[in-house]
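# A structural walkthrough
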2 protein chains.
Amino acid sequence: MTTEQLAKIFKALGHPTRIKIVEHLIHINTCVCGEIVNIFPFSQSTISQHLKILKESGIVCGEVDGPKTYFCVDKSVLEQFRQYIKTL
Amino acid sequence: MTTEQLAKIFKALGHPTRIKIVEHLIHINTCVCGEIVNIFPFSQSTISQHLKILKESGIVCGEVDGPKTYFCVDKSVLEQFRQYIKTL
DNA sequence: ATTATTTATCGTTAATTGACGATGAACGAT
DNA sequence: ATCGTTCATCGTCAATTAACGATAAATAAT
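Described in the following lines is the structure provided in the data block.

Relative to each other, helix 1 (residues 3-12) of chain A and helix 2 (residues 16-28) of chain B sit at 105°, their axes nearing to 9 Å. When the interaxial angle is binned, helix 1 of chain A and helix 2 of chain B end up roughly perpendicular. For the pair formed by helix 1 of chain A and helix 2 of chain B, the contact residues are Thr3, Glu4, Leu6 and Ala7 of chain A on the first element and Pro16, Ile19 and Lys20 of chain B on the second. Residues that form the contact of helix 1 of chain A with helix 2 of chain B fall into these classes: 4 nonpolar, 1 polar and 2 charged.

This part covers the environment of valine 37 of chain A. All names here are of chain A. Tracing the backbone through its elements, the reader meets valine 37 in helix 3 (residues 33-39). Valine 37 sits in the partly exposed class, given 17 other C-beta atoms within 10 Å. A C-alpha to C-alpha distance of 30 Å links valine 37 and isoleucine 85, two positions 48 residues apart in sequence. Excluding anything up to four places from it in sequence, valine 37 contacts Gln44 and Ile47.

This paragraph deals with the sheet that holds strand 1 (residues 31-32) of chain B. Residues and elements named next belong to chain B. Read across the sheet, 3 strands follow the order 1-3-2 without closing on themselves; strand pairing throughout is antiparallel. With one partner strand each, in any of the chains shown, strand 1 and strand 2 (60-65) form the two edges of the open sheet. Pairing geometry for strand 2 and strand 3 (residues 68-73), over 6 bridges, is antiparallel. Residue pairing for strand 3: aspartate 65 is matched across the bridge by lysine 68. Taken strand by strand, helix 2 contacts strand 1, strand 2 and strand 3, and its axis lies near 90° from that of strand 3. The sheet contacts of helix 4 (residues 44-57) involve strand 2 and strand 3, and relative to strand 2 the element is tilted by about 115°.

Attention now goes to the relation of the copies chain A and chain B. Mapping chain A onto chain B calls for a rotation angle of 180° and an axial translation of 0.0 Å; the resulting RMSD is 0.0 Å. Considering both components of the superposition, the chain copies are consistent with a two-fold axis. A share of 100% of interface residues in chain A that are also interface residues in chain B marks the association as one of identical surfaces.

So, about helix 1 of chain A. Buried within helix 1 of chain A are the following residues: Leu6, Ala7, Ile9, Phe10, Lys11 and Ala12 of chain A. Those residues of helix 1 of chain A that are buried lie in contact with helix 2 (16-28), helix 4 (44-57) and helix 5 (75-87) of chain A together with helix 1 (3-12) and helix 2 of chain B.

Around DNA strand C there are 23 residues in total, and Ser45 and Gly66 of chain A together with Val32, Gly34 and Ser45 of chain B lie nearest to it. Going through the elements one at a time, helix 4 of chain A together with helix 3 (33-39), helix 4 and strand 3 of chain B are the ones with two or more residues in the surface near DNA strand C. In terms of residues, the surface near DNA strand C owes the most to one element, helix 4 of chain B, which gives 6 residues. The class makeup of the residues in the surface near DNA strand C is 7 nonpolar, 14 polar and 2 charged.

About the cut-offs
- Residues numbered from 1 in each chain as written.
- Chains lettered and ligands numbered in written order.
- Predicted model: local features only at pLDDT ≥ 70, side-chain atom pairs only at ≥ 80, totals over all residues.
- Axes fitted to C-alpha atoms, helices over the stretch in contact; angles between N-to-C directions.
- Helix = DSSP H or I, 4+ residues; strand = E, 2+ residues; numbered from the N terminus.
- Parallel < 35°, antiparallel > 145°, perpendicular 65-115°, else oblique.
- Contact = placed C-beta atoms within 7 Å.
- Nonpolar A, V, L, I, M, F, W, Y, C, P; charged D, E, K, R; others polar.
- Buried ≥ 20, exposed ≤ 12 C-beta atoms within 10 Å, placed from the backbone.
- Pairing = 2+ DSSP bridges.
- Least-squares fit on C-alpha atoms with pLDDT ≥ 70 in both.
- Near = placed C-beta within 6 Å.

Dropping the structure here:
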């Protein structure tokens, strides 16, 4: 992982809502956008934007299935990220 | 550590230059602002600002000694941070 | 006392972010 | 074929960020 890639992940996690989204995704394994919208006091478009940022960082991936999109944490990227922090 | 504190650290590390500063601080243990300025192609005020953000996140601390300020990584905070990532 | 060194802060600028509502696209169900 | 559901994207706005040069504050050295 380059410093730029790491910075992107750090930046993506640099917002309380996005941290909580990732924590939730790890617990629940996978879920759709609407479910996340119900948890937070923000609009659908705001949550969708947060998910986009998380996806672009690589820490989260989304799989389209019909009108829904299933989001989950990319375990490989998470593990690489964990490894970096460990050796930091 | 609250989610807000974690977000502040993630955010602080969400910039390539600040990641590199922290990596450098870990290697060198402690150093002054001017030394960091010499490493990066940015002005003194920019580096000082990056150091301020790192300090405010808690991951870095600065000790004033005369006209100089010695910066170092707060090992306790780093360890708490590592622990969070591990249990994530 | 003056000067040099070191760092922090101020003011500015362009760019980015975080939030929203509105709209559009894709699909499922009727 | 139409309607409802789900999500992404667009446009907007206020706030924040990242960079800079200039300046100020604190100390060390002459």
